[in-house]
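Per-entry structural report
The primary structure of each chain is shown beneath.
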Amino acid sequence: MSASPHRAPGYVEGRPDVVVVGGGFGGVSCVRALRRANANVVLVDRMNHTLFQPLLYQLATGVLDDSAIASPLRQVFARQSNVSVLRASVDGFDVDRRCVLAGDLEIPWDHLVLAAGMKTSYFGNDQWEAMAPGLKTLDDAHRVRGRILEAFEQAEYVRVWGETDEVRPWLTFVVVGGGATGVEVAGAIKQLAVDRLAPEFKDLDVARCRVLLVEGGERLLAAMSTKSSAAAAKTLRSYGVEIRLETRVVDVSPEGVTIEQGGSREFVPARTVVWGAGVAGNALGAHLAEAVGLETDRGGRLEVSGDLTIAGRDDIRVIGDLARVPIGETGATVPGVAQGAIQMGTYAGRAIAARVAGRAPTKKPFRYFDKGSLATVGRGKAVLDMGRLHIAGFLGWLVWAAVHIAFLVNFRSRIAAMGSWAFAYIFQTGVNELITKPAAPRAPLESESEGSST
Ligand SMILES: Cc1cc2nc3c(=O)[nH]c(=O)nc-3n(C[C@H](O)[C@H](O)[C@H](O)COP(=O)(O)OP(=O)(O)OC[C@H]3O[C@@H](n4cnc5c(N)ncnc54)[C@H](O)[C@@H]3O)c2cc1C
């Protein structure tokens, strides 16, 4: 039997229902833009929090804790009286009856906004996921952090037992993908080892860990300028990160990674692999596309009109990473970045607010305003592109830090992030380097165990 959740406190009979699916950058900015709308807004997310994905790598390397980058959606919207938050996993849409389907629930809409984002893509090799976690959720970041920290512990463990051949694979970290995520993760692992763990591991030279960054294209940070890309590569190399360009990962196993460059293959023994190579559209995009008779593009995105509606339906909008929004006639599309999702969310929210108020929404189509791109490259260094301006180094990092603080969802997160960065900078230690799911204790190799006891 289906049920409607619409009897939440604050629900006002007779007002239009606006359902926003996804409480990420796009969904949150859309709901905020609806704050004065005379509507019942329901924000549905399968998680109870909104997540600042650009800083996930800092959670994964112990610099930040959860509260700095994630905030409960109920807390974020506690003071917005026209919103009810519903934690539910959406699995489909009945576009004829105008209902979002979430298990047994049917959530009726007058206006629907889909902002469900992307998922990690392994390009058809989903079996690699178990060995090479991506970074998309808090859970992913916990998993990556656990594996990185565990790898250093295991290296020490095998060293103690004299399994010297095993030390190197445990101290080898392969990061797949040379976009912003890969660059940031690779730099942060080296930084973790050199600045923070090296003084703590007294008998093992963890600073000499091998961090291998594998990128299929001919340069890092392909979405940024060649200047920034070169600056990032130079800085990473100065830390000792090994960069392999025009190199593809062709296999991932618990023992390591097989890479291919120019037709020749190489096996890299490595116990820790982090996947930052690709994303694909959330399945909800395909479900909605099918329901309205559209097709998604290769990346799983839906083509939207200038006003972000789809398939001539003025009640359905798609925003954020899931929306394919052309930029002029160039053939380029709005990139899958936070600022694109925020701008679309604001545009869609305002358009719906106008409709709800009986006004015609703006006739101006959505226009993406590119405010620039940033990526950190290790401790206190970042690269920045803003139009013709390219900055690298500490100044870039200051801008990076200011922008990230400004875009964190609320005051509490900002304070938590600033506190953690100051802590890391002054004391050279992370805020959370805890392994909460230790690997099962492993017996040493039999012969060596016998050898070491005699
Ligand atoms: C590791 C990483 C680093 C990044 N770094 C940067 C960066 O430096 N700069 C930048 O601009 N961008 C960066 N991005 C991209 C940026 O985070 C995205 O462009 C942005 O999050 C897209 O916003 P969105 O609202 O479309 O989707 P999201 O923010 O992904 O939100 C989607 C929401 O939908 C919810 N959801 C999904 N499926 C369902 C379902 N079935 N039912 C209910 N809810 C569902 C999810 O729980 C989530 O809350 C990064 C992304 C990642 C993963």
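Up top you'll find the structure we're talking about.
What this report covers is the structure whose coordinates are included nearby. In this text the structure is predicted, and so the values were computed from the model without any measurement. (Residues numbered from 1 in each chain as written. Predicted model: local features only at pLDDT ≥ 70, side-chain atom pairs only at ≥ 80, totals over all residues. Heavy atoms only, no water.)

Take a positive patch on the surface next. Positive charge collects at one region of the surface, where Arg-32, Arg-35, Arg-36 and Arg-350 lie side by side. Inspection of the secondary structure assignment puts Arg-32 in helix H1 (residues 25–33). (Patch = residues over 30% accessible without salt bridge, like charges linked within 9 Å, V, L, I, M, F, W, Y side chains within 5 Å. Areas by Shrake-Rupley, 256 points an atom, 1.4 Å probe, with all protein chains shown as cover. Salt bridge = Lys/Arg side-chain N within 4 Å of Asp/Glu carboxyl O. Lys, Arg positive; Asp, Glu negative; His and termini not counted. Charge placed at Lys NZ, Arg CZ, Asp CG, Glu CD. Helix = DSSP H or I, 4+ residues; strand = E, 2+ residues; numbered from the N terminus.)

What the three strands build is an open sheet, ordered S23-S24-S25; its pairing is antiparallel. A single partner strand is all that each edge strand has here, and the edge strands are strand S23 (373–376) and strand S25 (389–393). Each adjacent strand pair in this sheet contributes to an overall mean axis angle of 5 degrees, direction not counted. As defined by bridge partners, S23 adjoins strand S24 (residues 382–386) across four bridges and the pair is classed as antiparallel. Across the sheet, residue Thr-376 finds its bridge partner in S24, namely Ala-382. Against the sheet, helix H8 (residues 226–239) engages S24 and S25, with an angle of about 180 degrees to S24. (Pairing = 2+ DSSP bridges. Axes fitted to C-alpha atoms, helices over the stretch in contact; angles between N-to-C directions. Contact = heavy atoms within 4.5 Å.)

Further remarks concern the site of the ligand. Near the ligand lie 27 residues; those nearest to it are Gly-26, Asp-45, Asn-282, Asp-321 and Ala-338. Val-90 is positioned such that a nitrogen or oxygen atom in its backbone is 2.9 Å from a nitrogen atom of the ligand. Contributing elements (two or more residues each) for the shell around the ligand: H1 and helix H10 (338–356). Here the shell around the ligand is composed, by residue class, of 12 nonpolar, 11 polar and four charged. (Near = heavy atom within 4 Å. Polar contact = N/O pair within 3.5 Å; in protein donor to acceptor, adjacent residues only side chain to side chain. Nonpolar A, V, L, I, M, F, W, Y, C, P; charged D, E, K, R; others polar.)

Let's shift gears to the pattern of salt bridges. Scanning the entire structure with this criterion turns up 19 salt bridges. With a shortest N-O distance of 2.7 Å, Glu-129 and Arg-143 are connected by a salt bridge. Of this pair, Glu-129 sits in the loop between strand S10 (118–120) and helix H5 (138–160) while Arg-143 is found in helix H5, placing the two residues 14 residues apart along the sequence. With relative accessibility at 28%, the residue Arg-143 sits in the partly exposed group. (Buried < 20%, exposed > 50% of the residue type's maximum accessible area, 1.4 Å probe, protein only.)

Further remarks concern the packing of aromatic side chains. A full pass over the atoms with the stated rule returns 12 aromatic pairs. Summarising the aromatic geometry, the rings of Phe-152 and Phe-201 are spaced 6.3 Å apart at their centres and angled 50 degrees between planes, so their arrangement reads as tilted. On the criterion of sequence distance, the pair formed by Phe-152 in helix H5 and Phe-201 in the loop between helix H7 (180–197) and strand S12 (210–214) is long-range, its members being 49 residues apart. Using a relative accessible area of 10% as the deciding quantity, one classes Phe-201 as buried. Between Phe-394 and Trp-397, the aromatic rings sit 6.0 Å apart at their centres with planes inclined by 15 degrees, giving stacked as the arrangement. With Phe-394 and Trp-397 both in helix H11 (residues 394–407) and three residues apart, this pair spans about one turn of that helix. Residue Trp-397 is classed as buried on the basis of its relative accessible area of 18%. A network of ring pairs unites the aromatic residues Tyr-122, Phe-123, Trp-128 and Trp-275 as a single cluster. The ring of Trp-170 carries the charged tip of Arg-271 above its face, separated from the ring centre by 5.6 Å. (Phe/Tyr/Trp six-rings, centres within 6.5 Å; stacked < 30°, edge-to-face > 60°. Lys NZ or Arg CZ within 6 Å of the ring centre and 35° of its normal.)

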